[in-house]
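Next come the chains, spelled out residue by residue.
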Amino acid sequence: NYASNEEQAKSLQEELQQQGLLSKIFKANVTDAEQVSGMVAAVESELGPIDVLVNNAGILRDSHIAMMSEKSWDEVLDTNLKGAFLVSRPVAKSMMKRRKGHIINMVSISGLIGTPGQANYAASKGGLIAMTRSMAKELGRYGIQVNAVAPGFIETEMIQNMNPKQLDEMLKQIPLARIGRSEEVANLINYLVSGENTYITGQTISIDGGLSV
């Protein structure tokens, strides 16, 4: 699923297809209930019932709370929290009928420990952690497992653009003294949605090198 960057979505699709994997892309803004419903219907029509949902849409609009605009607050909460609700709702209905499924909500250590300049982001991720617990209690009787994954500092374009001094200060806060790798996060998600995981639900699992300890 992508909201606007079709070029990047197609690039990922081609990369997956080169690995021999079936991949399709679907455009939808997760803050729009009508677009979400259309996307879910299209996915189920082309690929069949959804067994795994990863709510990964997220944006940043960082600012000091005293200077934060209402627009910045609304945009972050709409995408990061409401978006996860809008996508989970139709997918959960389908999973309930089949009495199986996995939902993963991507959160952040900001939702656990708070981060200066990210009141909106931390609120959205903290809300998503609480929503994960409620969903796990509601959907467990249908054989659906719902968990949250909270990455710390992971190798991304944002990290690569940090100046060396900032990066050094950040590393001092991490007990394992290194940045995480994206494949480490992917491996955790892969386990949580695999047949190996049959008894973990309602949990928020941090993968942050010990930063939130």
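Scroll up to find the structure.
A short tour of the structure in this document, coming up. On a predicted model such as this, the values are computed, not experimentally measured, just so you know.

### Section: the nonpolar core
Phase 1 of the analysis: Residues Val87, Val91, Ile103, Val107, Met135, Leu139 and Val146 are the most contacted members of the largest nonpolar core, which totals 27 residues.
Phase 2 of the analysis: Setting aside chain neighbours within four positions, we find Val107 in contact with Lys125, Leu128, Ile129, Ala148, Val149, Ala150, Pro151 and Thr204.
Phase 3 of the analysis: In terms of nonpolar packing, the next biggest core, distinct from the first, is built from nine residues, Val149, Ile154, Leu192 and Val193 among them.

### Thoughts on the packing of helix 2 (residues 33-47) against helix 3 (residues 70-98)
Phase 1 of the analysis: Where helix 2 contacts helix 3, the axes come no closer than 9 Å and their chain directions differ by 35°. Both helix 2 and helix 3 take part in a crossing whose hand is right-handed. Each of Ala33, Val36, Val40 and Glu44 in helix 2 lies in contact with helix 3, whose residues at this interface are Leu86, Val87, Arg89, Pro90, Val91 and Ser94.
Phase 2 of the analysis: Its residues assigned to classes, the contact of helix 2 with helix 3 comprises seven nonpolar, one polar and two charged.

### Here we look at the sheet that holds strand 3 (residues 144-151)
Think of a sheet as strands paired side by side through backbone hydrogen bonds, with each pair either parallel or antiparallel.
Phase 1 of the analysis: Ordered by their spatial adjacency, four strands build an open sheet running 1-2-3-4, and the pairing between neighbours is parallel. The open sheet is flanked by strand 1 (52-55) and strand 4 (204-207), the only strands paired with a single partner. Averaged over all pairs of adjacent strands, the angle between strand axes in this sheet comes to 20°, irrespective of strand direction.
Phase 2 of the analysis: Contacts between helix 3 and the sheet are confined to strand 1, strand 2 (101-106) and strand 3, with strand 1 contributing the most and set at about 170° to the helix.
Phase 3 of the analysis: Along the sheet, helix 8 (residues 182-192) makes contact with strand 1, strand 2, strand 3 and strand 4, crossing strand 3 at roughly 165°.

### Here we look at helix 3
Phase 1 of the analysis: With 29 residues, helix 3 extends 41 Å between its outermost C-alpha atoms, agreeing within 8% with the 42 Å of an ideal straight helix rising 1.5 Å per residue.
Phase 2 of the analysis: Lys82 marks where helix 3 bends most, by close to 40°.
Phase 3 of the analysis: The positive-phi residue at the C-terminal boundary of helix 3 is Arg99, with phi of around 55°.

### Looking at the side chain of Thr132
Phase 1 of the analysis: Position of Thr132 relative to the elements: it lies in helix 5 (residues 119-139).
Phase 2 of the analysis: A distance of 2.9 Å separates the side chain of Thr132 from the side chain of Asn105, its partner in a polar contact.
Phase 3 of the analysis: In contact with Thr132, other than residues within four places in its own chain, are Asn105, Val146, Asn147, Ala148, Gly202 and Gln203.

### With respect to the side chain of Asn120
Phase 1 of the analysis: Take Asn120: it is sitting in helix 5.
Phase 2 of the analysis: By relative accessible area, Asn120 is classed as buried at 0%.
Phase 3 of the analysis: Looking at Asn120, its side chain comes within polar contact range of the main-chain oxygen of Arg61, at 3.0 Å.
Phase 4 of the analysis: With residues up to four places along the chain from it excluded, the contact list for Asn120 reads Arg61, Met68, Ser72, Trp73, Val76 and Leu77.

### Side note on the layout of surface pockets
Over the atoms rolls a probe the size of a water molecule, and its path tells where empty space is left.
Phase 1 of the analysis: Considering only enclosed or pocket space, the second largest pocket measures out at about 190 Å³ in volume.
Phase 2 of the analysis: Every residue along the wall of the second largest pocket is listed here: Phe85, Ser88, Arg89, Ala92, Lys93, Met96, Met131, Met135, Glu138 and Leu139.
Phase 3 of the analysis: At six residues, helix 3 tops the list of elements feeding residues into the lining of the second largest pocket.
Phase 4 of the analysis: Residue composition of the lining of the second largest pocket, grouped by class: six nonpolar, one polar and three charged.

### Looking at unusual backbone geometry
Phase 1 of the analysis: In the Ramachandran plot, Arg99 falls in the positive-phi region, its phi being about 55° despite a non-glycine side chain.
Phase 2 of the analysis: Position of Arg99 among the secondary structure elements: in the loop between helix 3 and strand 2.
Phase 3 of the analysis: Of note in this structure, Ala177 is not a glycine but carries a positive phi near 55°.
Phase 4 of the analysis: Tracing the backbone shows Ala177 in the loop between helix 7 (164-171) and helix 8.

### Describing the packing of helix 3 against helix 5
Phase 1 of the analysis: At a minimum axis distance of 8 Å, the contact between helix 3 and helix 5 shows a crossing angle of 15°. In terms of orientation, helix 3 lies roughly parallel with respect to helix 5. Taken as a pair, helix 3 and helix 5 cross one another with a handedness that is right-handed. Residue-level contacts link Ser72, Trp73, Val76, Leu77, Asn80, Leu81, Ala84, Phe85, Ser88, Ala92 and Met96 of helix 3 to Ala119, Asn120, Tyr121, Ala123, Ser124, Lys125, Gly127, Leu128, Met131, Met135 and Leu139 of helix 5.
Phase 2 of the analysis: Among the residues forming the contact of helix 3 with helix 5, the class breakdown is 15 nonpolar, six polar and one charged.

Calculation criteria
- Residues numbered from 1 in each chain as written.
- Predicted model: local features only at pLDDT ≥ 70, side-chain atom pairs only at ≥ 80, totals over all residues.
- Heavy atoms only, no water.
- Core = buried A, V, L, I, M, F, W, Y, C linked by side-chain atoms within 4.5 Å.
- Buried < 20%, exposed > 50% of the residue type's maximum accessible area, 1.4 Å probe, protein only.
- Contact = heavy atoms within 4.5 Å.
- Axes fitted to C-alpha atoms, helices over the stretch in contact; angles between N-to-C directions.
- Helix = DSSP H or I, 4+ residues; strand = E, 2+ residues; numbered from the N terminus.
- Left-handed = near helix turned anticlockwise from the far one by under 90°.
- Nonpolar A, V, L, I, M, F, W, Y, C, P; charged D, E, K, R; others polar.
- Pairing = 2+ DSSP bridges.
- Expected span 1.5 Å × (residues − 1).
- Bend = angle between axes of the 7 residues up to and from the residue.
- Polar contact = N/O pair within 3.5 Å; in protein donor to acceptor, adjacent residues only side chain to side chain.
- 1 Å grid on protein atoms, 1.4 Å probe; cavity = no way out; pocket = protein on both sides within 12 Å on 5 of 7 lines; lining within 4 Å.
- Points joined across faces, edges and corners; volume = space filled by probe spheres on them.
- Parallel < 35°, antiparallel > 145°, perpendicular 65-115°, else oblique.

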